[in-house]
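# Tertiary structure, described
Each chain is listed here by its residues.
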There are 2 protein chains.
Amino acid sequence: MNQINDIFLPEPTLRRLPWYLAYVETLQKNHIEFVSSTQISRALSVDASQIAKDLSFLNIRGKTRIGYEVAALAESLADFLGFTQSHKAYMIGCGSLGKALIRDSGLSKYGLEIVAGFDVDAEVVSRRDLGVPIYHIDNIYEIMAETPASIGILAVPSEMAQEAADIAIGAGVKAIWNFTPYRVKVAEGIVMANTSIYAHLALIFNRLNSLDK
Amino acid sequence: MNQINDIFLPEPTLRRLPWYLAYVETLQKNHIEFVSSTQISRALSVDASQIAKDLSFLNIRGKTRIGYEVAALAESLADFLGFTQSHKAYMIGCGSLGKALIRDSGLSKYGLEIVAGFDVDAEVVSRRDLGVPIYHIDNIYEIMAETPASIGILAVPSEMAQEAADIAIGAGVKAIWNFTPYRVKVAEGIVMANTSIYAHLALIFNRLNSLDK
């Protein structure tokens, strides 16, 4: 039914919607047919009125006393979040993490299709076993003309992060998904998302150390 | 010098400290010897007084006019964040993402040592090519006795996330690093960190769609 989502959603809503999706998919696997916002609220510790507000962005209505139809809600959420459409991406930096992300088929199930990788290392560039072609970063302009992509996934060493992002944006990428700990700066109008793996590690290590006291 | 970090740090500080580290490591690679908070402030768009406050947790002092010695600051930050110590972890769920994370050598450079993987799929459990042994989840108690770990990295399907976390915690894991979109609940005293890959994807997709308008 592809409900095109052209509303600029608040970040907290975009954070919570995938929780709801994961929860209703779990219900679906357990053959549960209906769910109320009260049930979702209890399971996820999110206020029921907040859930109703978040779900009001979707083109779906719950029924009084019965709640939402689980299958319809799951489909609607996946569509609304863009997970059922294909979004093409380049992997910028195909070292350890870049290769790992290319190999993770989970991303494609959520609508992210990595169509090419870029690196500067001749050995990496010649690889043919990753499932996608790897090119030298100097060729990104030609590749953009042949196999365009709107998202650049940044998995280069920190000290190259800014330059690599600038090159990808120069070639036409509209969004940077930054996996490096470097705080990359982009011009207004370019979408930026940071997945701060190392900050999460730091948090875990710090809290574990504090537990020991 | 291993400066043991036993202070419970605020989350925003823990988010910013890895930015400073990535930045000073970049300076170090470029053979720059000193850096002031004003320079860090400009590069990262963080208030200079905030930087001074964050760095005051560390056992390091900048010099008037000269600033911080880059090499010492990098070492101190890495130590303080726990990146120079080894923290043992189990990969719970060795599907596509779990395998990818096991193969990502970058994590070990930041102090995370994955010592074993667990799964329920007989085919995965028999694999010998991932660099770490993979066991059936039923064996986690024995493995904990032989090769203990304090962190459980959760990369199972959503509908198994809560159960898998409960099993890992039951076996003795003290922290859960959750890569699933499921909102796992843990008892007080258990460290919890969520890396919401799918929420970041949803954010990118939504912002890209809004750009097109």
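Conventions we followed
- Residues numbered from 1 in each chain as written.
- Chains lettered and ligands numbered in written order.
- Predicted model: local features only at pLDDT ≥ 70, side-chain atom pairs only at ≥ 80, totals over all residues.
- Heavy atoms only, no water.
- Least-squares fit on C-alpha atoms with pLDDT ≥ 70 in both.
- Helix = DSSP H or I, 4+ residues; strand = E, 2+ residues; numbered from the N terminus.
- Buried < 20%, exposed > 50% of the residue type's maximum accessible area, 1.4 Å probe, protein only.
- Contact = heavy atoms within 4.5 Å.
- Buried area = accessible area lost by both parts, 1.4 Å probe.
- Salt bridge = Lys/Arg side-chain N within 4 Å of Asp/Glu carboxyl O.
- Polar contact = N/O pair within 3.5 Å; in protein donor to acceptor, adjacent residues only side chain to side chain.
- Nonpolar A, V, L, I, M, F, W, Y, C, P; charged D, E, K, R; others polar.
- Pairing = 2+ DSSP bridges.
- Axes fitted to C-alpha atoms, helices over the stretch in contact; angles between N-to-C directions.

### Description of the relation of the copies chain A and chain B
Superposing chain A onto chain B takes a rotation of 180° plus a shift of 0.0 Å along the axis, which leaves an RMSD of 0.0 Å. Interpreted geometrically, this transformation is the action of a two-fold axis. Closest approach to the rotation axis among the C-alpha atoms of chain A is made by A:A100, whose C-alpha sits 2.2 Å away.

### Thoughts on the environment of A:T195
In this structure, A:T195 sits in the loop between β8 (191-194) and α10 (197-212). Classification of A:T195 as buried rests on a relative accessible area of 1%. When the C-alpha atoms of A:T195 and A:R103 are compared, they prove to be 18 Å apart, with 92 residues separating the residues in sequence. Among residues more than four places away in sequence, those in contact with A:T195 are A:W177, A:N178, A:F179, B:T195 and B:H200.

### Brief notes about helix α4 (residues 70-80) of chain A
Note: α-helices contain 3.6 residues per turn, so residues at a spacing of three or four share the same orientation. Residue and element names in this part refer to chain A. Here α4 lies mainly inside the structure; eight of its eleven residues are buried. Every buried residue belonging to α4 is among V70, L73, A74, S76, L77, A78, D79 and F80, and all of these are buried. Residues of α4 that are buried make contact with α1 (11-29), β1 (34-35), α2 (37-44), α3 (48-55) and β2 (68-69). Count one or two residues on from α4 and you reach G82, which has phi positive near 85°.

### Considerations on the side chain of A:N178
Residue and element names in this part refer to chain A. Structurally, N178 can be placed in strand β7 (residues 175-178). Using a relative accessible area of 0% as the deciding quantity, one classes N178 as buried. Discounting residues that sit within four places of it in the chain, N178 has contacts with L154, V184, M192, A193, N194 and T195.

### Examining unusual backbone geometry
One non-glycine residue, A:S45, lies in positive phi territory at about 55°. Along the chain, A:S45 turns up in the loop between α2 and α3. Given a relative accessible area of 51%, A:S45 falls into the exposed group. A positive phi angle, close to 60°, is found at B:H31, a residue other than glycine. Structurally, B:H31 can be placed in the loop between α1 (11-29) and β1 (34-35).

### What to know about the interface of chain A and chain B
Counting residues at the interface gives 68 residues for chain A and 68 residues for chain B. When the area that chain A buries against chain B is broken down by residue, the three leading residues are A:R183, A:F205 and A:R207, summing to 11%. Along the contact surface separating chain A from chain B lie two salt bridges. Between B:K29 and A:E159 there is a salt bridge; the shortest N-O distance is 3.2 Å. Viewed at the interface, chain B and chain A are joined by 22 residue pairs in polar contact (both at pLDDT 80 or more). For the side of chain A that touches chain B, the secondary structure elements donating two or more residues are α1, α2, α5 (96-103), α6 (106-109), α9 (158-171), β7, β8 and α10 of chain A. Looking at which element gives the most residues to the side of chain A that touches chain B, the answer is α10(A), with 15 residues. Looking at side-chain class alone, the side of chain A that touches chain B contains 37 nonpolar, 18 polar and 13 charged residues.

### Describing the sheet that holds strand β5 (residues 134-136) of chain A
Across the sheet, six strands lie side by side as β5-β4-β3-β6-β7-β8 (chain A); this open sheet has parallel pairing. In this open sheet, the two strands that pair with only one neighbour each are β5 and β8 of chain A. Along the sheet, successive strands turn relative to each other by an average axial angle of 25°, direction set aside. Against the sheet, helix α10 (residues 197-211) of chain B makes contact with β3 (87-92), β4 (112-119), β6 (151-154), β7 and β8 of chain A, and its axis sits at roughly 175° relative to β8(A), the strand it touches most.

### Points about the pattern of salt bridges
Residue and element names in this part refer to chain A. By the definition in use, this model includes eight salt bridges over all chains. We note a salt bridge from K88 to E113, for which the minimum N-O separation is 3.1 Å. Remark: E113 occurs in strand β4 and K88 occurs in strand β3; sequence separation between them is 25 residues. Under the relative-accessibility criterion, K88 is labelled partly exposed at 33%.

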